[in-house]
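Reading the structure
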Amino acid sequence: MWKNAGEGISYIPVSESPTVSLLVTRVIDGDTFTGRVTSSIDSMFSELVTVRLIGVNAPETVDPKKKPEPYGKEASDHLRALIENKNIELQFDATRTDVYGRWLGYVLLNGSLIQEDLLRKGYAKFEDRFGFARKTEFAQWENEAKELKTGLWGNGKIVSVIGEGGSVISNL
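Let me sum up the structure you'll find in this document.

About the cut-offs
Each chain carries its own residue numbering, running from 1 in the written order of its sequence. Two thresholds apply to this predicted model, a pLDDT of at least 70 for residue-level local features and 80 or more for giving and counting side-chain atom pairs, whereas whole-chain, interface and lining totals are computed over all residues. Excluded from the side-chain calculation are hydrogens and water; included are all heavy atoms of the structure. Pairing of aromatic side chains requires ring centres within 6.5 Å, counting the rings of Phe and Tyr and the six-membered ring of Trp. Pairs whose planes differ by under 30 degrees are stacked, by over 60 edge-to-face, and all others tilted. In this description a helix means any DSSP run of H or I spanning at least four residues, a strand means any run of E spanning at least two, and both kinds are numbered starting from the N terminus. Under the scheme applied here, a residue whose accessible area is under 20% of the maximum for its type counts as buried, over 50% as exposed, and between as partly exposed, the area being computed with a 1.4 Å probe on protein chains only. A pairing counts as a salt bridge when a side-chain nitrogen of Lys or Arg comes within 4 Å of a carboxyl oxygen of Asp or Glu. Among the buried residues, those of types Ala, Val, Leu, Ile, Met, Phe, Trp, Tyr and Cys that are joined through side-chain atoms within 4.5 Å form a nonpolar core. Contacts: residue pairs with any heavy atoms within 4.5 Å of one another. At least two DSSP bridges between two strands are required for those strands to pair.

On to the packing of aromatic side chains. Tallying each qualifying case throughout the model produces five aromatic pairs. Here Phe92 and Trp103 contribute two aromatic rings whose centre-to-centre distance is 5.6 Å and whose plane-to-plane angle is 65 degrees, an arrangement assigned as edge-to-face. Pair noted here: Phe92 is in the loop between strand E5 (87-91) and strand E6 (103-109) and Trp103 is in strand E6, with a separation of 11 residues, a long-range link. In terms of burial, Phe92 and Trp103 fall into one category: buried. Among the aromatic residues, those joined into a ring-pair cluster are Tyr106, Phe126, Phe132, Phe138 and Trp141.

Structure, rendered in structure tokens:
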């Protein structure tokens, strides 16, 4: 069991399914959240799990050893507005957990990839720390944000992507 997973959260074994449905219960920061598995095939995983978005790294806001980093609050707030209290699909890649026991994967909300949104809007940076298949796309999306000087990369121009009913809107 992993005690540092968050308040009242324990590490549990990762699902064997390639995709798991989760209800997001709390956004911890701009790249990490907790959720409750809702997939019937994985009903044994009904307790809370901690998920780290694979391929992105948002500025730190909760590390007690560091000051909150620029755009950390904005990244956390943005992810919270997108997925908190919503049902998402988590798609696993070759690396399913990190060293802390957090599940790693691609997060889809209504078919839209959350990592793409975070990278294109400048809320997160591309991170090649975990083995995953979509590295080329992720690097490309970060480069687009850099070129547009969006979010972390410049003039602070962060475009809202929340539509009516919580749908993701892309203005790029």
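Anyway, onward from the coordinates.
This brings us to the pattern of salt bridges. Where charged atoms of side chains with opposite charge meet at close range, the side chains can pair. One pass over the structure, following the stated rule, counts 12 salt bridges. Here Arg52 ties to Glu127 by a salt bridge, and the two come within 2.9 Å at their closest N and O atoms. Here Arg52 is found in strand E3 (residues 48-53), whereas its partner Glu127 is found in the loop between strand E8 (125-126) and helix H3 (135-148), with 75 residues between them in sequence. We note that Arg52, like Glu127, is buried. Within this structure, Asp31, Arg52, Glu127 and Arg129 form a network of salt bridges that share partners.

Counting residues in each nonpolar core, the largest one holds 35 residues, and the members touching the most others are Leu22, Phe33, Ile83, Ile88 and Ile114. Residue contacts for Leu22: discarding those within four places in its chain leaves Phe33, Gly35, Arg36, Val37, Thr38, Val49, Val51, Lys86, Asn87, Ile88 and Leu90.

A separate point is the pairing of E5. Remark: a regular strand shows side chains that alternate across the two faces of the sheet. Of the two faces of E5, only the one carrying Ile88 and Leu90 is buried; Asn87, Glu89 and Gln91 on the other face are not. Across five bridges, the pairing between strand E1 (residues 19-29) and E5 is antiparallel. Within E5, the residue paired with Thr19 across the bridge is Gln91. In this sheet, E6 lies alongside E5 in antiparallel orientation, the contact comprising three bridges. Looking at the pairing, Gln91 lines up with Tyr106 of E6.

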